[in-house]
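# Residue-level structure breakdown
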Amino acid sequence: MKYVYSYAQVRKADETTIKEGTPSRDLMERAGRALADAVKRAMKEKGISDALFVCGGGNNGGDGFAAAQFLVDEGEDVQILCLADKFSPDSLFFKEKFSGELFGRIPRRRYALIVDCLLGTGITHAPEGNTKSLIDFINTSGAYVVSCDVPSGLLENGVACEPCVEADETVTMGLLKRALYLADGVDVAGKVTLAQIGVQPMRKGAEVWEDFDVKKFFPRKRSNVNKGTYGKACIFGGSAVYSGASFLAAGACLKTGAGYTKLVVGRDVYRNAIGRLPAVILQEFEAVNGEILASDAIAAGMGAGVSGRLYAYLVELLGSYTGTLILDADALTTVAAYGTDVLKNKSCRVVLTPHPKEFARLIGKTVEDVLVNSVKYAKEFAKEFGVILVLKNNRTVITDGERVCLNPTGSSCLAKGGSGDVLTGFLTGTCARGVSPFEAAVVSAYVLGRAGELAEEEMGQYAPDASDIIAYLSRAMRSLEL
C-alpha cells in the first residue's frame, strides 16, 4: 500500500523535517541528486546525449539547478533555461554554483530531453507570462519530458491548468503527491517515481492499494464449503425502460463468489427477465419482505426510476434492514430529490456509489465543484451521514469520512453506460461474502479497473462495453487470487 499527500501536507512535512535538524539546503541537494540520477537513467535508456533543464526561481527550480550541476560534474551535456528574476534563497545558492551554460531566452537548439523544474507544488493559479511561454515551449518541443516533483501547472486537486506540462515521467520528492493520482494528474504525470530524500509525514495520507493489498481478499477456498458459506446478495431494481442496468449488476454479482445472487424486479420486467440469467434467483417485487431482508447485502436503484414510491421503499430498507445496503443510480437521484436526511436514520451499513453528477445533486453543488474538490466533499459527506462513499471517476475516491483511498486501476474504455452497474453488482457480491463495506468498495473498484485494463489490452479503448467488462472480471480476479 502506498500513501499519497496533499501539497499542504507535503509542505508541513518539509517544515517539520527542517525544524528537526535537516537544513533545507541539504534536502534540495538530495532532491537534485535523485533528479540527476533519474535524468541520467532516462538519457541512457532513450539513447539521448543532451538535456535541457527549464528552471523557475523557486525551490523546484533549485532542485533543477542542483541536479544539472551533478550531471555537469559527471561530464553530461546539459544546459539550463531560466527566465526568472526572483529566487528563493536555496534556489539562488544552487544557481550561483552552476558551472554550465545558462540561457536567458529560449534557445533555437532542439533537445531530445527536457527537465521541467518550473513550479512544483507552489502553484495556486494558472501559469502566466514567461512561465506560460516556457510550458508551451516544453509541450511543443517533441522532447521526452521529466518533471520534478509534479508537472508544472498541476493544481493540488489534480486539475491541470491551461497550460500544464505534459510529462512522460515525474520524479516526485519525499512523499507521493495526491494530485498525481487524481483527475488530470493521471494523464499529465506519466510514469511516477518516488525519490526518498529523508522527509517523513506527520500522519498517514490517502491510501493507494496495490495488487498485494487486494490479493488477501481472494484467498484460496477450502474444500469443505457450500453456497451458504459465501452469503446472499440481492440486486433490487430495473424497470421496463432500464432493465439492462439490473441485469448488468446481477451478472457482475455472479462473478464475485457470493453463494446466492437474487434479482428482484418489477412486474413490468419480470416476464422478460425469465431465463436471462439462469444462475440468479429471480423474484417479482411486491414489497420489502423477510426474504429480501435476509440478504447479507442489497443493492438498490439500478434502472428503478426516480419516484416517491422508490423513496418509500428506501426509507423502509434503511429502517429495518441490518446488512449492507448499496445505493446507486436512481436510488441516489431519488434520495437527492426527496431528502438526504433519511441516510441518518438507518439500521444498516450504507454504501453510496455516485458518479460526479449524481454526487453534485446530493450535495447541492455543480459538477465542476465536485470535480475540483472531490476528496474534500466526499470525505465531508461520508462523515456527516455515516456512510461509505464511492465517488466514481477516472480515479475513484472511496472514503468513510476518515480513511480515504484513491483507486489506481482503470481504463478509459470504462467511460460507458453500464460500467457503474457492473461495479455496484460486484460490490454487492463482495459485501455478501463477508468483506467489510469499506474494504469491499476498494477491492471492487480495483478489480473493475483491472478488468477495464485487460479489456483495453485485447479490444482497444473504444470497443468494450459493460457486458464485455463482466467477461473480464474473472480474469482480473484470477490475477489477484492467492
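Residues numbered from 1 in each chain as written. Predicted model: local features only at pLDDT ≥ 70, side-chain atom pairs only at ≥ 80, totals over all residues. Heavy atoms only, no water.

## Digging into the overall build of the chain
Spelled out, the test is: Per the convention used, a helix needs a DSSP run of H or I reaching at least four residues, while a strand needs a run of E reaching at least two, with both numbered from the N terminus. Here the globule rule is a power law, 2.2 Å times the number of residues to the power 0.38, and the radius of gyration is based on C-alpha atoms. Residues count as neighbours in contact if any of their non-hydrogen atoms are within 4.5 Å of one another. Throughout, the Shrake-Rupley method with a 1.4 Å probe supplies accessible areas, and for residues the shown protein chains are the sole cover considered. This count recognises Lys and Arg as positive and Asp and Glu as negative, with His and chain-terminal groups excluded. Just so you know, the charge point we use is NZ for Lys, CZ for Arg, CG for Asp and CD for Glu.
The secondary structure content of the chain amounts to 18 helices and 19 strands. By the compact-globule yardstick of 23 Å for 482 residues, the chain fits well, its C-alpha radius of gyration being 26 Å. Once the C-alpha set of the chain is aligned to its principal axes, its extents read approximately 80 × 40 × 40 Å. Once local pairs closer than 6 in sequence are excluded, the contacts in the chain between residues at least 24 apart make up 71%. When the accessible area of the chain is evaluated, it comes to approximately 20,600 Å², of which 48% is carbon and sulfur surface. Between the centroid of the 54 positive side chains of the chain and the centroid of its 57 negative side chains there is a distance of 5 Å.

## Description of the packing of aromatic side chains
The way to describe two aromatic rings as a pair is by their centre distance and the angle between their planes. Under the convention used in this document: What counts as a ring pair is set by centres within 6.5 Å for rings of Phe, Tyr and Trp (its six-membered ring), and what kind of pair is set by the plane angle: stacked under 30 degrees, edge-to-face over 60, tilted for all other angles. A 1.4 Å probe rolled over the protein chains alone gives each residue an accessible area, and that area as a share of the maximum for its type sets the label: buried under 20%, exposed over 50%, partly exposed in between. Comment: the charge-over-ring label is applied if NZ (Lys) or CZ (Arg) is within 6 Å of the ring centre and within 35 degrees of the ring normal.
Tallied over the full model, the rule gives 9 aromatic pairs. Ring geometry for Trp-209 versus Phe-217: centroids 5.8 Å apart, planes at 15°, classification stacked. Neither residue differs from the other here; Trp-209 and Phe-217 are each classed as buried. Aromatic ring contacts, followed pair by pair, group Phe-236, Phe-285 and Tyr-313 into a single cluster. The residue whose ring lies beneath Arg-25 is Phe-93, and the NZ or CZ to ring-centre distance is 3.9 Å. Across the ring face of Phe-70, the terminal group of Arg-33 is positioned such that the distance to the ring centre comes to 4.4 Å.

## With respect to the pairing of strand S5 (residues 113–117)
Just so we agree on the cut-off: The pairing criterion is simple: DSSP has to find at least two bridges between the two strands.
Among the 5 residues of S5, 5 are classified as buried, and the element is accordingly described as predominantly covered. Across the two faces of S5 the burial is the same, with Leu-113, Val-115 and Cys-117 and Ile-114 and Asp-116 all buried. Here 4 bridges tie S5 to strand S6 (residues 144–148), and the two strands are oriented parallel to one another. Pairing of Asp-116 across the sheet is with Ser-147, part of S6.

## Observations concerning the packing of helix H12 (residues 330–338) against helix H13 (residues 356–363)
This is how it is decided: As a rule, the C-alpha atoms of each element are fitted with a line to give its axis, helices using only the stretch in contact, and angles between N-to-C directions run from 0 to 180 degrees. Between 65 and 115 degrees an angle is taken as roughly perpendicular, under 35 as roughly parallel, over 145 as roughly antiparallel, and anywhere else as oblique. Helix crossings fall into two classes, left-handed where the near helix is turned counterclockwise from the far one by less than a right angle and right-handed where it is turned clockwise. Residue classes follow a fixed rule: Ala, Val, Leu, Ile, Met, Phe, Trp, Tyr, Cys and Pro count as nonpolar, while Asp, Glu, Lys and Arg count as charged, and any other residue, Gly among them, counts as polar.
Their axes nearest at 8 Å, the elements H12 and H13 cross at an angle of 20°. Between H12 and H13, the angle falls in the class roughly parallel. As for the relative orientation of H12 and H13, their crossing is left-handed in sense. Residues Leu-332, Thr-333, Val-335 and Ala-336 of H12 touch H13, and the partners they reach there are Glu-358, Arg-361 and Leu-362. Class assignment for the residues of the contact of H12 with H13 results in 4 nonpolar, 1 polar and 2 charged.

## Details of helix H1 (residues 7–19)
Stated formally: A helix is expected to span 1.5 Å for every residue after the first.
Taking 1.5 Å per residue, 13 residues should reach 18 Å; H1 reaches 18 Å between its end C-alpha atoms and fits that length. When H1 is considered as a whole, its buried residues turn out to be Tyr-7, Val-10, Ala-13, Thr-16 and Thr-17. The elements touched by buried residues of H1 are strand S1 (2–5), helix H2 (24–46) and strand S8 (176–177). Gly-21 occupies a position one or two residues after H1 and carries a positive phi of about 120°.

## Overview of the pattern of salt bridges
Cut-off, in case you're wondering: The rule for a salt bridge is simple: a side-chain nitrogen of Lys or Arg has to be within 4 Å of a carboxyl oxygen of Asp or Glu.
Counted according to the given criterion, the structure contains 18 salt bridges. The shortest N-O distance in the salt bridge between Asp-37 and Arg-33 comes to 2.9 Å. Residue Asp-37 and its partner Arg-33 are located together in helix H2, separated by 4 residues, close to a single helical turn. Since its relative accessible area comes to 36%, Asp-37 is described here as partly exposed. Between Lys-177 and Asp-149 there is a salt bridge, with its nearest N and O atoms 2.7 Å apart. On the criterion of sequence distance, the pair formed by Lys-177 in strand S8 and Asp-149 in the loop between S6 and strand S7 (169–173) is long-range, its members being 28 residues apart.

## Here we look at the nonpolar core
Basically, it comes down to this: The set of buried Ala, Val, Leu, Ile, Met, Phe, Trp, Tyr and Cys residues whose side-chain atoms join them within 4.5 Å is what this entry labels a nonpolar core.
Grouped together as the largest cluster of nonpolar side chains are 58 residues, with contacts concentrated most on Leu-327, Leu-343, Leu-352, Phe-381 and Leu-406. Apart from the residues lying within four places of it in its own chain, the contact partners of Phe-381 are Leu-343, Leu-352, Phe-359, Leu-362, Ile-363, Val-387 and Leu-389. Of all hydrophobic cores here, the second largest spans 57 residues; its members include Leu-248, Ile-388, Val-390 and Tyr-472.

## Comments concerning the side chain of Ser-411
Heads up, the condition is: Under the rule applied, a polar contact is a pair of N or O atoms within 3.5 Å (in protein, one hydrogen donor and one hydrogen acceptor; residues adjacent in sequence only if both atoms are side-chain atoms).
Considering the arrangement of structural elements, one finds Ser-411 in the loop between strand S19 (404–406) and helix H16 (419–432). Here Cys-413 takes part through its backbone nitrogen, which lies 3.1 Å from a polar atom of the side chain of Ser-411. A polar contact of 2.5 Å, which involves the side chain of Ser-411, links it to the side chain of Glu-456. Other than its neighbours up to four places away in sequence, Ser-411 contacts Gly-452, Glu-453 and Glu-456.

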